[in-house]
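Residue-level structure breakdown
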Amino acid sequence: MSDFEFKKAPGVAANYVSVVEDENGCLQKIDFTNTEHFNFGFDVIDVLAKKCPDKIAMIHIDAEGKERKITFRDMKIYSNKTANYLKYLGIKRGDKVMLVLKRHYQFWFTMIALHKIGAVAIPASYLLTKKDYEYRFKSASITAVIASADGDIAKEINKAEKSYEGLKTKVLVGGSRPGWQSYNRDIRYFSQHYPRPKECAGGNDRMLMFFTSGTTSYPKMATHSYLYPLGHYVTAKYWHQVNPDGVHLAISDTGWGKALWGKMYGQWLCEATIFTYDYNEFFAKEILNYITKYKITTFCAPPTVYRMLVHANLDKYDLSSLENVTTAGEALNPEIYNKFKKATGLKIMEGFGQTETTLIIGNLKGTEPHPGSMGTPTAQYDIHILRPDGTDADPGETGEIAIKTEKVPCGLYLGYYRDEEKTNESWHDGYYHTGDTAFMDKDGFLWYVGRVDDIIKSAGYRIGPFEIENEIMKIPYVLECAVTSVPDKIRGQAIKASVVLVDGVEGTEDLKKEMMQFLKANIASYKRPKYIEFCDKLPKTSSGKIRRAAIKAVDWVAQNTTKKN
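Here's a quick rundown of the structure. Predicted, not measured: the structure shown is a model, and the values here were computed from it. (Residues numbered from 1 in each chain as written. Predicted model: local features only at pLDDT ≥ 70, side-chain atom pairs only at ≥ 80, totals over all residues. Heavy atoms only, no water.)

1. Overview of helix α8 (residues 233–240)
Our working definition: Buried residues are those whose accessible area, probed at 1.4 Å on protein chains only, stays under 20% of the maximum for their type, while exposed residues exceed 50% and partly exposed ones sit between those limits. In this text, helices come from DSSP runs of H or I with a minimum length of four residues, and strands from runs of E with a minimum of two, each type numbered from the N-terminal end.
For α8, the tally of buried residues reaches seven of eight residues, placing the bulk of the element in the interior. When we look at burial in α8, the residues that qualify are Tyr 233, Val 234, Thr 235, Ala 236, Tyr 238, Trp 239 and His 240. Just beyond α8, the residue with positive phi is Gln 241, at close to 55°.

Following this line, the structure appears as structure tokens:
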């Protein structure tokens with residue numbers, strides 16, 4: 001096949017995705033067609049329900065250990081029943097509906113139902129409090145919320161509602177409460193038939209909004225169209241490398257975009273089965289047992305999880321079913337990559353993307369990963385590493401990761417809802433600017449440096465934290481770490497390492513000296529931390545990313561307070 005001969009993607013994706021692959025099945029080019037009216041609910045779920053009604057779409061394990069096997073027929077039936085129920089409650093096309101459903105299987109029924117109705121789905125973390133809900137309700141003009149009965153979720157929403165008059169509908173999943181509709185009680189009364197409307201939402205219509213992590217400011221609302229699921233075909237097919245006859249497990253809560261990277265869109269476009277465990281607290285041994293029991297074939301988790309797994313006794317578990325493992329969310333330390341490979345023989349295929357995108361950089365099928373590298377740009381996106389003046393950086397030179405948008409790629413967000421200023425700050429001069437920095441080596445592999453705001457400027461040097469963190473992670477008794485700046489009278493900024501130790505190791509002054517000696521032998525003098533602080537845990541977002549900004553804020557505020565006093 002020539003380099004320019006496209007072929008249809010297999011299965012249900014064939015009508016919308018065309019690819020060019022080399023002789024080894026590695027992606028070279030990709031194109032998306034017939035997308036004007038594409039709607040994932042009707043064009044994927046309902047098509048699969050007709051094509052393979054008895055195929056398992058999801059294996060779901062709830063918090064009590066109960067197993068459910070949900071077929072594509074079930075997905076169609078219960079998304080239709082849910083769509084009819086929500087329409088009965090007054091939810092209509094264009095309405096903003098917040099979902100706070102943890103990993104309950106009803107999340108998938110509801111998401112698909114909202115796609116069919118044409119309402120805008122807004123997934124949210126179950127860890128939000130009254131203040132968080134107040135901000136989100138008002139900024140997005142949310143009219144309905146569908147929430148888990150677990151914990152204090154409904155209680156916090158009720159408190160937030162007192163200062164917001166726009167919330168018309170509240171639906172509780174898994175229980176009952178005054179002032180709330182009961183999903184589990186009511187859903188049985190509604191029809192399993194929901195024909196496609198004549199004026200069906202699809203294509204470039206608004207479908208989904210994610211609130212960003214908000215690590216440096218109030219969360220922004222990244223808005224995606226109905227084409228967003230198609231953008232995840234590459235995520236699932238060439239990065240996760242899902243097996244249509246296998247089972248895919250992604251560790252992610254449904255309140256964040258990563259869940260839709262690994263628990264819905266791309267996987268079902270590739271006709272794979274999804275495994276979901278609705279746990280309340282993460283335990284490595286439970287996940288490892290499920291991988292063994294259910295013969296998981298592909299697995300994706302943030303680096304935080306791999307850091308836990310490499311400290312488990314992996315020899316006790318049969319992981320032979322695993323064919324491919326991936327990671328994203330933050331950069332993966334090479335030390336963790338090497339430990340996991342030594343224990344399992346598996347190479348962790350790192351990838352990179354944002355709430356605003358699908359996978360834009362990755363170690364895809366056919367790639368020999370370079371430990372510590374994010375991989376290479378995907379065929380879907382035109383990636384550039386830009387200097388501050390907007391010119392392309394040289395190989396080895398750090399710059400900002402940017403996406404050229406002369407032709408807007410399928411999977412890139414529409415903009416930040418109701419925030420033209422923030423949209424224009426990120427998307428201008430023909431590029432979407434990610435705010436993340438990296439450098440490209442001579443082989444075309446990209447190496448993460450840090451957020452633009454994470455760069456440490458010390459004594460005239462620009463220092464990326466990740467390189468230093470990689471060295472610290474080589475120390476056997478370090479579980480995880482974060483490198484940030486602190487004020488320094490001479491250098492302007494000095495380097496601090498916040499370190500979490502493995503269980504059983506005590507953080508003493510002698511241990512600090514030992515670590516300093518190790519770093520002295522392995523890091524150039526201008527990159528060495530001036531301070532090491534031991535802590536029980538690092539601040540993280542709900543999606544598991546280490547919040548360097550939170551550590552930095554405490555140190556800089558403390559310094560400024562000292563100066564004033």
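That shown, we press on.
2. Here we look at the environment of Ser 426
Rule in force here: In what follows, residue pairs with any heavy atoms lying within 4.5 Å of each other are defined as contacts.
By the secondary structure assignment, Ser 426 is in helix α14 (residues 420–426). Separated by ten residues in the primary sequence, Ser 426 and Tyr 416 place their C-alpha atoms 9.6 Å from one another. Residues within four places of Ser 426 in sequence aside, it is in contact with Tyr 413, Tyr 416, Tyr 431, Tyr 432 and His 433.

3. Thoughts on the pattern of salt bridges
Note the cut-off: Between Lys or Arg on one side and Asp or Glu on the other, a salt bridge is scored when a side-chain nitrogen of the former is within 4 Å of a carboxyl oxygen of the latter.
Taken as a whole and judged by the stated rule, the model has 28 salt bridges. In this structure, Glu 156 engages Lys 159 in a salt bridge whose closest nitrogen and oxygen atoms are separated by 3.0 Å. Linking Glu 156 with Lys 159, this pair stays in helix α5 (residues 153–161), spanning three residues, or about one helical turn. Owing to a relative accessible area of 13%, Glu 156 belongs among the buried residues under this scheme. Bridged by salt links that share partners, the residues Arg 307, Glu 330, Glu 480 and Lys 540 form one connected network.

4. Describing the state of the cysteines
Our working rule: Cysteine sulfur atoms are paired as a disulfide whenever they fall within 2.5 Å.
Evaluated as defined, the whole model comprises zero disulfides. In this model Cys 481 remains outside any disulfide bridge; the closest cysteine sulfur is found in Cys 535, 9.6 Å from its own. Given a relative accessible area of 5%, Cys 481 falls into the buried group. On the basis of relative accessibility, which here comes to 21%, the residue Cys 535 falls in the partly exposed class.

5. Topic: the packing of aromatic side chains
Just so we agree on the cut-off: Centres within 6.5 Å make a pair out of two Phe, Tyr or Trp rings, where for Trp the six-membered ring is used; the pair is then stacked when the planes are under 30 degrees apart, edge-to-face when over 60, and tilted otherwise. A positively charged side chain is recorded as over a ring if its NZ (Lys) or CZ (Arg) lies within 6 Å of the ring centre. The angle to the ring normal must also be within 35 degrees.
On inspection of all chains with the given rule, the structure shows 31 aromatic pairs. Aromatic side chains Tyr 88 and Phe 190 sit 5.3 Å apart centroid to centroid with 55° between the ring planes, which places their arrangement in the tilted category. Separated by 102 residues along the polypeptide, Tyr 88 in helix α2 (residues 72–88) and Phe 190 in the loop between α6 (183–186) and β11 (206–211) bring together distant segments of the chain. For Phe 190, a relative accessible area of 17% puts it in the buried group. Pairwise contacts between aromatic rings join Phe 275, Tyr 277, Tyr 279, Phe 282, Tyr 290 and Tyr 294 into one cluster. The ring of Tyr 126 carries the charged tip of Lys 102 above its face, separated from the ring centre by 5.0 Å.

6. Focus on the packing of helix α1 (residues 40–51) against α2
Between two packed helices, what matters for the description is the angle formed by their axes and the separation of those axes. Defined as follows: Only the stretch in contact is used when a helix axis is fitted, and all axes are lines through C-alpha atoms; the angle between N-to-C directions ranges over 0 to 180 degrees. In these notes the angle categories are as follows: under 35 degrees is roughly parallel, over 145 is roughly antiparallel, 65 to 115 is roughly perpendicular, and the rest is oblique. Each helix crossing is assigned a hand: it is left-handed if the near helix lies turned anticlockwise from the far helix by less than a right angle, otherwise right-handed if that turn is clockwise. The residue classification treats Ala, Val, Leu, Ile, Met, Phe, Trp, Tyr, Cys and Pro as nonpolar and Asp, Glu, Lys and Arg as charged. All others, Gly included, are polar.
Look at α1 against α2: their axes get within 8 Å of each other, and the N-to-C directions meet at 130°. Considering their axes alone, α1 and α2 lie oblique with respect to each other. In the packing of α1 onto α2, the handedness of the crossing is left-handed. Within the contact between the two elements, α1 uses Ile 45, Asp 46, Leu 48 and Ala 49 and α2 uses Phe 72, Arg 73, Met 75 and Lys 76. Residues of the contact of α1 with α2, tallied by class, amount to five nonpolar, no polar and three charged.

7. Comments concerning the packing of helix α4 (residues 130–140) against α5
Look at α4 against α5: their axes get within 8 Å of each other, and the N-to-C directions meet at 55°. With respect to α5, the element α4 is oriented oblique. Read as a crossing pair, α4 and α5 show a hand that is right-handed. Residue-level contacts link Lys 130, Tyr 133, Glu 134 and Phe 137 of α4 to Ile 153, Glu 156, Ile 157, Lys 159, Ala 160 and Glu 161 of α5. Partitioning the contact of α4 with α5 into residue classes produces five nonpolar, no polar and five charged.

8. Considerations on the side chain of Gln 106
Put simply, the test is: What qualifies as a polar contact is a pair of N or O atoms within 3.5 Å, subject to a donor-acceptor requirement within protein and to the restriction that residues adjacent in sequence count only when both atoms come from side chains.
Examined against the element boundaries, Gln 106 turns out to sit in helix α3 (residues 106–117). For Gln 106, a relative accessible area of 6% corresponds to the buried category. In terms of polar contacts, Gln 106 uses its side chain to reach the side chain of Tyr 105, at 3.5 Å. Aside from chain neighbours lying at most four places away, what touches Gln 106 is Leu 101, Val 173, Tyr 183 and Asn 184.

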